[in-house]
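For reference, the chains in residue letters:
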Amino acid sequence: MRLLVTGGCGFIGSAFVRMALARGHEVTNLDKLTYAGNPANVAEVADHAGYRFVHADIADADDVAGALKGVDVVVNMAAESHVDRSILDPAAFPMTDVVGTAVILDQARRAGVARFVQVSTDEVYGSIAEGRFRETDPVEPSSPYSASKAGGDLQALAWHRTYGMDVVVTRGSNTYGPRQYPEKLIPLFVTNVLDGEGLPVYGDGQQIRDWIHVDDHCAGIFAALERGRAGEVYNVGGGNERTNLEVTERILEYTGASRDLIRYVADRPGHDRRYALAAEKLHGLGWEPAVNFGDGLAATVAWYQDHRSWWEPIKSGEYRAYYEAQYGDRGAADR
Ligand code: NAD
Ligand code: TYD
């Protein structure tokens, strides 16, 4: 297949691009190269005969139309992706995650692509105290990020209903692995430990996330792409619920660092307490997560230990300004 992957210089996108090329597909990677887009993430495939890079914004209809020539399937992963940034400054989120998604959906429709895969998130469902979210549950997003993602996700389903376009939506759970920008919980805490810095745990640290390895997430997107039914949503859940404190303690264990690095800081506003996904529908397509959490997390910690040259340049400049705004005068947690 000839795939157009957007956001392929990001964390999940770059893993998906590598997986697609390894499976023999041709890939055009369209990426705006925001702060989170890093060409180093795809450096090892840059000269692959089946790979092409287009530096563009998914909200630019002309650039998208050009990149779509000869494409069979679109996998739309480009997004503003971080909840805390969406709380500090939401403006960019609807521009990419809502407007950009509408633009690329419509250009893909006009180009007559065979399938459009919208990569969404479990966060569109909001928080769940007990049980697990199913694909039929209503969306009830809490943050500016998840509200924008819900907008993109619902538009994709609307393009199916209105235009009969072949659209599949995946809703993935919290993803971890190599090359994740060090603003999200796991890479932030791993790199802070390696720098001897504190670990800012929000609130009581008892919030629960359903963690999935990036390779399992990408394989789940492939299963939905290849075998999903048009107009359907597929949860891509790891079936691996952990409290944030448990994840933090594992990182301390794998790095041999002290618990003294833990700092309980003021909670995130609108913080979802628990995410949990029922992924049986995707299991029905023959997909199961394969990476054990302990093994995957230990390997991820080792990757950051071995790749300081990847993350040290990131943790300067714009990142320091973000870090100061996000954590600078954050008070202690009210636990
Ligand atoms: P990321 O922030 O690491 O990467 C996003 C990429 O999109 C970057 O390369 C960036 O340059 C690019 N981009 C941003 N705006 C763009 C635009 N307007 N046009 C073109 N490119 C643009 O994100 P990620 O963590 O790899 O997430 C990828 C996708 O998966 C997102 O849609 C996200 O919502 C979804 N998702 C992420 C997780 C997670 O835990 N990281 C979980 C579920 C779903
Ligand atoms: P994050 O990686 O931002 O993913 P999401 O908000 O999309 O789930 O956060 C994962 C969990 O970790 C979430 O409950 C918030 C918490 N967290 C902290 O406690 N401290 C931090 O510095 C960060 C970034 C997250």
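Scope of this entry: the structure provided in the associated data block. Fair warning: this is a prediction, and the values are worked out from it, not measured in the lab. (Residues numbered from 1 in each chain as written. Chains lettered and ligands numbered in written order. Predicted model: local features only at pLDDT ≥ 70, side-chain atom pairs only at ≥ 80, totals over all residues. Heavy atoms only, no water.)

### Brief notes about the sheet that holds strand E11 (residues 233-236)
Turning to step 1, where the next piece is worked out: Sheet architecture is open: seven strands sit in the order E3-E2-E1-E4-E5-E6-E11, paired in parallel fashion. The sheet terminates laterally at strand E3 (51-55) and E11, the two strands that pair on one side only. Put simply, the sheet's adjacent strands are angled 20 degrees from each other on average, direction ignored.
Turning to step 2, where the next piece is worked out: By the bridge criterion, five bridges tie strand E1 (residues 2-6) to strand E2 (residues 26-31) in an arrangement that is parallel. Looking at E2, one finds that Val 5 is bridged to Asn 29.
Turning to step 3, where the next piece is worked out: Strand contacts of helix H7 (residues 214-227): E1, strand E4 (73-76), strand E5 (115-121), strand E6 (167-172) and E11, with the helix running at about 145 degrees to E5, the strand carrying the most contacts. (Pairing = 2+ DSSP bridges. Helix = DSSP H or I, 4+ residues; strand = E, 2+ residues; numbered from the N terminus. Axes fitted to C-alpha atoms, helices over the stretch in contact; angles between N-to-C directions. Contact = heavy atoms within 4.5 Å.)

### Things to note about the site of ligand 2
Turning to step 1, where the next piece is worked out: The environment of ligand 2 is made up of 20 residues, and the closest members are Glu 123, Pro 200, Arg 268, His 271 and Tyr 327.
Turning to step 2, where the next piece is worked out: The backbone of Leu 185 places a nitrogen or oxygen atom 2.8 Å from an oxygen atom of ligand 2.
Turning to step 3, where the next piece is worked out: In this structure, His 271 approaches ligand 2 through a side-chain N or O atom, which is 2.7 Å from an oxygen atom.
Turning to step 4, where the next piece is worked out: Surface burial for ligand 2 is 98%, taken as the share of its 510 Å² of free accessible area covered by protein chains. (Near = heavy atom within 4 Å. Polar contact = N/O pair within 3.5 Å; in protein donor to acceptor, adjacent residues only side chain to side chain. Areas by Shrake-Rupley, 256 points an atom, 1.4 Å probe, with all protein chains shown as cover.)

### Considerations on the state of the cysteines
Turning to step 1, where the next piece is worked out: Under the counting rule described, the total for this entry stands at zero disulfides.
Turning to step 2, where the next piece is worked out: The cysteine Cys 9 is free of any disulfide, with Cys 218 supplying the nearest cysteine sulfur at 14 Å.
Turning to step 3, where the next piece is worked out: On the basis of relative accessibility, which here comes to 0%, the residue Cys 218 falls in the buried class. (Disulfide = S-S within 2.5 Å. Buried < 20%, exposed > 50% of the residue type's maximum accessible area, 1.4 Å probe, protein only.)

### Regarding the environment of Asp 31
Turning to step 1, where the next piece is worked out: Counting through the fold element by element, Asp 31 comes out in strand E2.
Turning to step 2, where the next piece is worked out: What makes Asp 31 buried here is its relative accessible area of 7%.
Turning to step 3, where the next piece is worked out: Other than its neighbours up to four places away in sequence, Asp 31 contacts Gly 7, Gly 8, Cys 9, Gly 10, Gly 37, Phe 53, Val 54, His 55 and Ala 56.
Turning to step 4, where the next piece is worked out: Reaching out from Asp 31, the side chain makes a polar contact with the backbone nitrogen of Gly 8 at a distance of 3.4 Å.

### What to know about the environment of Gly 205
Turning to step 1, where the next piece is worked out: If you trace the backbone, Gly 205 turns up in the loop between strand E8 (199-202) and strand E9 (208-210).
Turning to step 2, where the next piece is worked out: Judged by its relative accessible area of 0%, Gly 205 is buried.
Turning to step 3, where the next piece is worked out: Spatially, the C-alpha atom of Gly 205 lies 9.6 Å from that of Val 265, the residues being 60 residues apart in sequence.

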